[in-house]
Amino acid sequence: MNRQTNLWICLALGVCLVCAVLLSERFIAAHRDHDCCGAECPICLLIQGAAHFSRQLKSAAGYSGFALRVRMTSLLGVRVGLVKYIPLSPVRLNVKMNR
């Protein structure tokens, strides 16, 4: 696969991850005061799963390599965007041409 395909795959996965986090937090907040039906309440189990998912992501974000990967991915995206969509010319690059 080429770089552009990898970039789109990473962006799509990032969007899916952000949506999953937002939906899990929304689910926890919306069903906090539900009518519990006992020890094996399905809504309580879903709330526990969503809370576990949130805790896992918070601990993964604390990993030191995570921030470095985010910076490197964003720099790659900026570099690809600048080179691909802004044409570079000798005038723009301030190239001195001697005769």
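Look up: the structure comes first, before these words.
Residues numbered from 1 in each chain as written. Predicted model: local features only at pLDDT ≥ 70, side-chain atom pairs only at ≥ 80, totals over all residues. Heavy atoms only, no water.

## Description of the overall build of the protein
On a plain count of helices and strands, the protein comes out with three helices and zero strands. Taken from the N to the C terminus, the helices and strands of the protein come in the order α-α-α. The burial tally for the protein puts 9% of its 99 residues in the buried class. Relative to all contacts within the protein whose residues are 6 or more apart in sequence, the contacts with residues 24 or more apart total 42%. (Helix = DSSP H or I, 4+ residues; strand = E, 2+ residues; numbered from the N terminus. Buried < 20%, exposed > 50% of the residue type's maximum accessible area, 1.4 Å probe, protein only. Contact = heavy atoms within 4.5 Å.)

## Brief notes about the side chain of Ser-24
Looking at the element boundaries, Ser-24 is found in helix α1 (residues 3–30). Looking at Ser-24, the relative accessible area reads 9%, which means it is buried.

## Overview of the environment of Ala-51
In this fold, Ala-51 is placed in helix α2 (residues 42–61). Accessibility expressed as a relative area gives 21% for Ala-51, which makes it partly exposed. In this structure, the C-alpha to C-alpha distance between Ala-51 and Glu-25, residues 26 residues apart in sequence, is 7.8 Å.

## Points about α1
An ideal rise of 1.5 Å per residue puts 40 Å on 28 residues; α1 measures up with 40 Å between its terminal C-alpha atoms. Buried residues of α1: Leu-7, Ser-24 and Ile-28, and no others. (Expected span 1.5 Å × (residues − 1).)

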